[in-house]
Amino acid sequence: MLKKIIVLSSIFTIGLLIAGCGKGKTAITMAGSTAFQPFAEKLAEQYMSTHNNVSITVQGGGSAVGIQSANSGAAQIGMADLVILPDEAKALTSVAVAKDGIAVVVNPKNSVMSLTTDQVRDIFNGRITNWKEVGGTDAAITVVSREAGSGTRSSFEQIVKGIVLKKEALIQDSNGTIRETVANDVNSVGYLSHGLINEKITALSLDGQACTSESIIAGDYKIVRPIYLLVKGDAPGEVGNFIDYILSPEGQQTIKANHLLPVK
Amino acid sequence: MKLIGEKGVQRALMFTAFSAISALLLIALFILSEGLPFIFRYGIKDFLFSNDWVPQQGRFGIFPMIAASLWVTFGAMVVGAPLGVAVALFLSEYAPRPVMRVIKPTIELLAAIPSVVYGFIGVMVLAPLIREFLGGPGLSLLGGSIILGIMILPTVISISIDSILTVPQSYREGSLALGATTWQTIYMVTIKASKSGIIASIILGLGRAVGETMAVIMVAGNSVNIPHSPLDSVRTLTANIALEMSYATGMHRQALFATGVVLLVGIIILNSIASVALRKRMVKK
Amino acid sequence: MRIHPRHIQKVAVVMLGGAALFTLLILIFIIGFILEKGLPVISLRFLTGKPEDLGRSGGIFPTIIGTILLPLLAIIIATPLGIFTSVYLSEYTKETKLTKVIRFGTDCLAGIPSIIFGLFGYIFFVVTLGLGWSILSGGLTLAVMILPTIIRTSEEAIRSVPKSYREVSFSLGATSWQTVKRVILPNALPGIVTGVMLSIGRSIGETAAVIFTAGSSLRLPESILDSTRTMAVHFYILAREGISQENAYGTAATLIIAVLFINLSAYWMMSRFIAKRS
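These numbers were taken from a predicted model, which means no experiment stands behind them.

Each helix and strand counted, chain A has nine helices and twelve strands in total. On the principal axes, the C-alpha backbone points of chain A span a range of 70 × 50 × 35 Å. Buried residues in chain A amount to 49% of all 264 residues.

Structure, rendered in structure tokens:
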């Protein structure tokens, strides 16, 4: 009985293996920025519906994973949302495909609606610890941040200069998780991609500028970074075709329709 | 199978055993070969006792994570051990046998529930409660300890019951014959006789708690911070590996393997104590 | 003032019984919470449909396939390796220091946190061997993770077969292998099967090691080199990122039912074997 199961399963698995080897499809793996990941998945879905010969998979992990897997070959396209690309990315070709604002977000029940850049810095540094210091209720501020390899975090800390994240800050591992954490805790504050804001959280105005697509495009809202796709060497074949698609009017329209900003 | 013959089978089995053991050896060596050189180069004292975990600047002190893992495991023991032993005692000494035979496997089913489910319930139910009634962010050392304590209950209960059941009935009968109540028998005779097994069950449970990753990432907050109160957010050794491993390179990656080595050592110590305790139980009979 | 032992006894019963009740309530609460919110979501369409909009709507079929394929690959690799290794160690070798060391080693490896296997699997299979995020990487990692447990439980099961069985078999002129095949394995089967079943249960619920080796692709895998998402990973992502609470609960409910079913089958099989023997 056991033998039968083993034999059947082995045949099944070998069948899968063979099925994989004989495929004519080009497999493209994208990995990296969790801010861009949902958009990459949508773009991939759309592209694959008209291009049957390509199979695109999207993984997350953060911008540093994007750079690293592009370098190691684990991914054909790395995604990184960084203001300045680090040294490790120098060996790669980078293409900016979108722009994204980083919103500082709080729980909808929080009475605070706007902050200055200095206040944001001091909150994340731990110098301001209570909401009443910035016009809110008397409650301790819970700071939520991303892990060290996050592009969103690197960009945030590079633009709002001088942040040394306070030790008690909670760390979550993706944009979506920060959104959920802030949505669940009345006294929390975090930051995430403007494209991922929904009704569960409120984006604060920064230095009088609301975080909207218009103010970002106009250059009034300051915390903005590009989204780069990274490839090794020049993008060959299908990889290049897909990137061209993303840069095409159709691709950029999809990006715009989903609340990210087109690169042009 | 006459074709292969007895000798052939023996050689095939030997080859299989060799392969399996080599595979396992490969893993152990891989982890050690990545982690140990780092420990020697960086300095074991700085690695284990420095508070600074700033990989971007080449500082790899894991003391806050060691503190977090120790505290969370201790907390899990405080929650899980008394409760677990109490339940084991009740099921084996007071509950009718058929009831125990149904409830024991049911509790063992608890162990089969994926850790992410526990973590999720911790985030949705436990953390808000802690935030509301005790303060702090809710995602905390306390939250992690409670969830881990619940997760180790099946291990503690199951192995303790096994241990308590091996105490010869004559011990109990002797005690009762002398006029003791069931409870007096329990704490004067039964517990003493099954002490090694109960301790082994707790230690094995702690081994599970130390190795848990997903539930703690979800519930404990992940701050690189030495906890000053149970309401503080903490990051365990396992969470540290998980949060950073996908993008760590060079020395950073080796530091994570070194963290793995530290975990390995901790678990080997725990396992050794547990197996000594279990062996004592056997020898006594 | 000395309290009569009978009174202390009553208090003890109440407290211990309370502990038992409390623990059962926790168990019921956890399973009940998930099932209450998740069962309404489960439908034939949910189980057989593809996820849409990143999992916000649609079904979870690819994740069910992933949840089946990964542990399957792991079991196919680890079970024969594990069983034959323990057969060799207990029947064909003498009890030496080496075998003691091997046993200690497998015991330790069985207790290693799964995240370390995930780390190993990512660096070794995904990056160094170039297998990428794939079913193959995930399956190999899981196989290596459950191998020590299978070796250990098989060995315990084999050892529990009475010596007399072996002696009778040898005295009838059987060779070692014939003894193993006809006498030892059939008698050790309940224990071995339990070990395998528990490993399956563990693999299905495993998230840490799987995310880093098999990835998190929502597409239906077409080959062993494709990335895939298991139900546990899907639940984790849906719940953590707030993509869809409903579908998260639905996935969790499906997962719990699957795991409970496997464990219950293991128990049932084992009690049937034990009944047959006696």
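Here we take up the overall build of chain C. Looking only at helices and strands, chain C features eleven helices and two strands. Taken from the N to the C terminus, the helices and strands of chain C come in the order α-α-β-β-α-α-α-α-α-α-α-α-α. Dimensions along the principal axes, computed over C-alpha positions, put chain C at roughly 75 × 65 × 35 Å. The contacts in chain C between residues at least 6 apart in sequence include a share of 75% that link residues at least 24 apart.

Residue and element names in this part refer to chain A. Across three bridges, the pairing between strand 3 (residues 77–80) and strand 11 (residues 224–232) is antiparallel. Bridge pairing links Ala80 to Tyr228 in strand 11. Pairing between strand 4 (residues 92–106) and strand 11: nine bridges, direction antiparallel. The residue bridging Lys99 from the neighbouring strand is Pro226, located in strand 11.

Over its 30 residues, helix 8 (residues 176–205) of chain C runs only 38 Å from end to end, short of the ideal 44 Å by more than 12%, given 1.5 Å per residue. At C:Leu189, helix 8 of chain C is bent by approximately 55°, the largest bend along its length, and proline C:Pro190 sits one to four residues beyond.

Residues and elements named next belong to chain C. Each domain of chain C was delimited in the assignment, giving domain 1 (5–41) and domain 2 (45–277). Measuring from the centre of the C-alpha atoms in domain 1 to the corresponding centre in domain 2 gives 31 Å. Listed as interface residues are seven residues of domain 1 and, on the opposing side, eight residues of domain 2. In terms of residue class, the side of domain 1 that touches domain 2 is built from five nonpolar, one polar and one charged.

Residue placement: B:Ala17 occurs in helix 1 (residues 5–42). Ignoring any residue separated from it by four or fewer positions in sequence, one finds B:Ala17 in contact with C:Phe84, C:Thr85, C:Tyr88 and C:Leu89.

Now for helix 8 (residues 237–247) of chain A. All names here are of chain A. The set of residues buried in helix 8 consists of Val239, Phe242 and Ile246. Angularly, the buried residues of helix 8 cover 65° about the axis, an arc narrow enough to put them on a single face. What points out from helix 8, more than 90 degrees from its buried face, is the exposed set Gly237 and Asp244.

Below, the discussion takes up the nonpolar core. Among the nonpolar cores identified, the biggest contains 250 residues, and A:Val105, B:Val219, C:Leu119, C:Leu147 and C:Phe235 are the most heavily contacted of them. Residues contacting C:Phe235, with those up to four places away along its chain left out, are B:Val116, C:Ala248, C:Thr251, C:Ala252 and C:Leu255.

Of note in the backbone geometry, A:Asp207 takes a positive phi value of approximately 50° without being a glycine. Mapped onto the secondary structure, A:Asp207 falls in the loop between strand 10 (205–206) and helix 7 (213–218). Judged by the 14 C-beta atoms lying within 10 Å of it, A:Asp207 falls in the partly exposed class. Positive phi, close to 65°, is recorded for B:Asn222, a residue that is not glycine.

Chain B puts 57 residues into the contact, and the matching count from chain C is 64 residues. Taken together, the elements giving at least two residues each to the side of chain B that touches chain C come down to helix 1, helix 3 (63–94), helix 4 (97–110), helix 5 (115–133), helix 6 (141–165), helix 8 (182–211), helix 10 (237–244) and helix 11 (250–284) of chain B. In terms of residue count, helix 1 of chain B provides more of the side of chain B that touches chain C than any other element does, 15 residues in total. Residue composition of the side of chain B that touches chain C, grouped by class: 42 nonpolar, 14 polar and one charged.

Bringing the packing of helix 6 of chain B against helix 8 of chain B into the picture now. All names here are of chain B. Relative to each other, helix 6 and helix 8 sit at 150°, their axes nearing to 8 Å. As summarised for this structure, helix 6 and helix 8 are arranged roughly antiparallel, according to the angle between their axes. Along this stretch, helix 6 crosses helix 8, giving a crossing that reads as right-handed. Residue-level inspection shows Leu148, Met151, Ile152, Thr155, Val156, Ile159, Ser160, Asp162, Ser163 and Ile164 of helix 6 in contact with helix 8, the latter providing Thr190, Ser194, Gly197, Ile198, Ala200, Ser201, Ile202, Leu204, Gly205, Arg208 and Ala209. Its residues assigned to classes, the contact of helix 6 with helix 8 comprises eleven nonpolar, eight polar and two charged.

Residues and elements named next belong to chain A. The buried count for strand 4 comes to eleven of 15 residues, which makes it a mostly enclosed element. For strand 4 and strand 12 (residues 261–262), the ladder comprises two bridges, and the chain directions are antiparallel. Of the residues in strand 12, the one forming a bridge with Lys99 is Leu261. In this sheet, strand 8 (residues 188–193) lies alongside strand 4 in antiparallel orientation, the contact comprising five bridges. Bridge pairing links Val104 to Tyr191 in strand 8.

It is worth spelling out the domain arrangement of chain A at this point. All names here are of chain A. Each assigned domain of chain A is listed with its residue range as follows: domain 1 (26–97 + 227–262) and domain 2 (101–218). A separation of 26 Å is found between the C-alpha centroids of domain 1 and domain 2. Residue-level contacts link 18 residues of domain 1 with 18 residues of domain 2. For the side of domain 1 that touches domain 2, the leading source of residues is helix 3 (residues 63–72), giving three residues. In terms of residue class, the side of domain 1 that touches domain 2 is built from ten nonpolar, seven polar and one charged.

Residues at a pLDDT of 70 or more form 99% of chain C, whose mean pLDDT is 87. As a predicted assembly, this complex carries a pTM of 0.88 together with an ipTM value of 0.85.

Let us look at the environment of B:Ala177. By secondary structure assignment, the location of B:Ala177 is in helix 7 (residues 169–177). Spatially, the C-alpha atoms of B:Ala177 and B:Ala76 are 38 Å apart, while their sequence positions differ by 101 residues.

Helix-helix packing: each pair is described by the crossing angle between the helix axes and the interaxial distance. Residue and element names in this part refer to chain C. Relative orientation of the contacting elements helix 4 (residues 97–110) and helix 6 (residues 135–159) amounts to 130°, with a least axis distance of 8 Å. Judged on the interaxial angle alone, helix 6 and helix 4 are oblique. Of the two possible hands of crossing, helix 4 and helix 6 adopt the one that is left-handed. When helix 4 is examined against helix 6, the residues Thr106, Asp107, Leu109 and Ala110 are found in contact with a partner set consisting of Pro148, Thr149, Ile151 and Arg152. Here the contact of helix 4 with helix 6 is built from residues that sort into four nonpolar, two polar and two charged.

What counts as what
- Starting afresh in each chain, residues are numbered from 1 along the sequence in its written order.
- The lettering of chains begins at A and the numbering of ligands begins at 1, in the order of writing.
- Reporting of local features is limited, given that this is a predicted model, to residues whose pLDDT is at least 70; pairs of side-chain atoms are given and counted only at 80 or more, and all residues count toward the totals for whole chains, interfaces and linings.
- Secondary structure elements are taken from DSSP: a helix is a run of H or I of four residues or more, a strand is a run of E of two residues or more, and numbering for both begins at the N terminus.
- The burial label depends on the number of other C-beta atoms within 10 Å of a residue's C-beta. Counts of 20 or more mean buried, 12 or fewer mean exposed, and intermediate counts mean partly exposed, with C-beta atoms placed from the backbone.
- The contact criterion used is a C-beta to C-beta distance within 7 Å, with each C-beta placed from the backbone.
- Between any two strands, at least two bridges found by DSSP are needed for them to pair.
- To estimate how far a helix should reach, multiply one less than its number of residues by 1.5 Å.
- Take the seven residues that end at a residue and the seven that start at it, fit an axis to each, and the angle between those axes is the bend at that residue.
- Where each domain starts and ends comes from a domain assignment, either automatic or drawn from a database.
- In this classification, Asp, Glu, Lys and Arg are treated as charged, Ala, Val, Leu, Ile, Met, Phe, Trp, Tyr, Cys and Pro as nonpolar, and every other residue, Gly included, as polar.
- Directions from the helix axis toward the C-beta atoms define the arc.
- Structurally, a nonpolar core is described as a collection of buried Ala, Val, Leu, Ile, Met, Phe, Trp, Tyr and Cys residues joined by way of C-beta atoms within 7 Å.
- Helix axes use the C-alpha atoms of the stretch in contact, all axes being lines fitted to C-alpha atoms, and the angles between their N-to-C directions lie in the range 0 to 180 degrees.
- Every angle not falling under 35 degrees, over 145, or within 65 to 115 is termed oblique; those three ranges are roughly parallel, roughly antiparallel and roughly perpendicular.
- Crossings are assigned a handedness: left-handed for a near helix turned anticlockwise from the far helix by less than a right angle, right-handed for a clockwise turn.
- Per residue, pLDDT measures the predictor's confidence, with a range of 0 to 100.

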